[in-house]
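Summary of structural features
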Amino acid sequence: MVKQTDNNSFCSVAKFLKLLGTTKTKLNTAIQGGYRRYPIFKDNKVRWIEQPNDELKIIQQTLLRYLQDNLECPPYCMAGFKGQNNIKNALRHKNKREVITMDIAHYFPSTKAEYIRQFFEETFEAQGEVLELLVKITTYNDYLPTGAPTSSLLSCFAHKEIFDQIDKKMKEHKADMSTYIDDITISTNEHIGNWVISYINNLLHTHGLHLKKSKTRRYGYKSALVTGLYIGQDGTLSTPFKMNYSVIKELSKKEINEMSIKQLRKFIAKIAYIRQLHPKRFKTTQVKAIKQLKKLQKIQNN
């Protein structure tokens, strides 16, 4: 799991602080600064976001880079590491006879600090004050915060024991398994029964997790929706209509030259994502948005 390294930066407080590029006083201040917790409303549902303060976020990003550099990415893990994303996850399951998608309910809030502590203790042999600092840096109110850069990677390793068992079982049945944060996808060119759903749910229960029944889907030889992308019968990927329509809808509400820097960045990122799969879509719109963003940034810097 851990790559060969010349130096374990978790063996002492001094080395740990050097890794993070901070002092003990600054680290404690960042931890005490905590998070801003706020709700996001979508489809008549509420999702809570725990956003770390700027200083803490920088520390988390530094820690994340260290973990990415020193950990082997599990073969089924499609998030938390460079190059892993929902597009790669969906491609993994194209041209399959059967696809089953599942969603772990309340994944981050249900991933308790005890599993994060166990991960750092067993994998990096962290102990004492360093171990306590690692837990404080990466958790909020005894669970993984949704807005922390480290949460996606840590959630995979916190439950690696379970995911390893699922992966092994699926291979025995000639099926492929992948995880993308709280999404689990199973695909096969054989037939696999509904027992697999109960099997996975029972394993998740051992870590205080469970599947969201309303999000479990089975697909046959037709378009499958995997981590937000449609897989066609020919194996091609496409973005959902509502994502493409959202770009048009935003433009109907506000012209590009009326958008703020923050709005433009979000708008450009959405188009860039769509154009990964559909290069010809919104090309002119993206160019105009980037030009406007540069213009506003230049004004802001003067």
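Residues numbered from 1 in each chain as written. Predicted model: local features only at pLDDT ≥ 70, side-chain atom pairs only at ≥ 80, totals over all residues. Heavy atoms only, no water.

A short note on the nonpolar core
- By size, the foremost hydrophobic cluster in this structure holds 58 residues, and its most contacted members are Phe10, Leu67, Phe120, Phe163 and Ile186.
- For this core, the element with the highest residue contribution is helix α3 (residues 54–70), accounting for six residues.
- Beyond its immediate stretch of four places on either side in the chain, Phe163 contacts Tyr76, Ile104, Tyr107, Ser155, Cys156, Met177, Thr179 and Ile184.
- Listed in part, the 12 residues of the second largest apolar core include Ile256, Leu264, Ile268 and Ile271. (Core = buried A, V, L, I, M, F, W, Y, C linked by side-chain atoms within 4.5 Å. Buried < 20%, exposed > 50% of the residue type's maximum accessible area, 1.4 Å probe, protein only. Helix = DSSP H or I, 4+ residues; strand = E, 2+ residues; numbered from the N terminus. Contact = heavy atoms within 4.5 Å.)

Focus on the pairing of strand β5 (residues 183–188)
- Within β5, six of the six residues are buried, which leaves the element mostly enclosed by the surrounding structure.
- What you see with β5 is no split at all: Asp183, Thr185 and Ser187 on one side and Ile184, Ile186 and Thr188 on the other are buried throughout.
- Sheet analysis places strand β3 (residues 98–103) next to β5, joined by six bridges and oriented antiparallel. Note that in β5 the partner of Met102 across the bridge is Ile184.
- Of the strand pairs in this sheet, strand β4 (residues 175–180) and β5 are connected by six bridges, and their pairing is antiparallel. Residue pairing for β5: Tyr180 is matched across the bridge by Asp183.
- Connecting β4 to the antiparallel partner β5 that follows it, the hairpin turn spans two residues, and Ile181 within it adopts a positive phi of roughly 55°. (Pairing = 2+ DSSP bridges.)

Here's the deal with the environment of Ala30
- With respect to the secondary-structure elements, Ala30 resides in helix α2 (residues 24–33).
- C-alpha separation for the pair Ala30 and Tyr66, spaced 36 residues apart in sequence, amounts to 19 Å.
- Every residue in contact with Ala30, bar those within four places of it in the chain, is listed here: Asn53, Glu55, Leu56 and Ile59.

Comments concerning the packing of aromatic side chains
- Applying the stated criterion across every chain, the model contains 16 aromatic pairs.
- Judged by centre distance (5.0 Å) and plane angle (55°), the rings of Phe119 and Phe120 are tilted.
- Note on Phe120: relative accessible area 0%, which makes it buried.
- Ring pairs connect the aromatic residues Phe10, Phe16, Tyr66, Phe81, Phe119, Phe120, Phe124 and Phe157, which therefore count as one cluster.
- Note that Lys169 overlies the ring of Tyr199, its terminal NZ or CZ placed 5.7 Å from the centroid. (Phe/Tyr/Trp six-rings, centres within 6.5 Å; stacked < 30°, edge-to-face > 60°. Lys NZ or Arg CZ within 6 Å of the ring centre and 35° of its normal.)

Comments concerning the packing of helix α6 (residues 113–123) against helix α8 (residues 151–158)
- In contact at an axis separation of 9 Å, α6 and α8 are set at 80° when each is read in the N-to-C sense. The angle between α6 and α8 falls in the class roughly perpendicular. Between α6 and α8, the contacting residues are Tyr115, Ile116, Phe119 and Phe120 on the first element and Leu154, Phe157 and Ala158 on the second.
- In terms of residue class, the contact of α6 with α8 is built from seven nonpolar, no polar and no charged. (Axes fitted to C-alpha atoms, helices over the stretch in contact; angles between N-to-C directions. Parallel < 35°, antiparallel > 145°, perpendicular 65-115°, else oblique. Nonpolar A, V, L, I, M, F, W, Y, C, P; charged D, E, K, R; others polar.)

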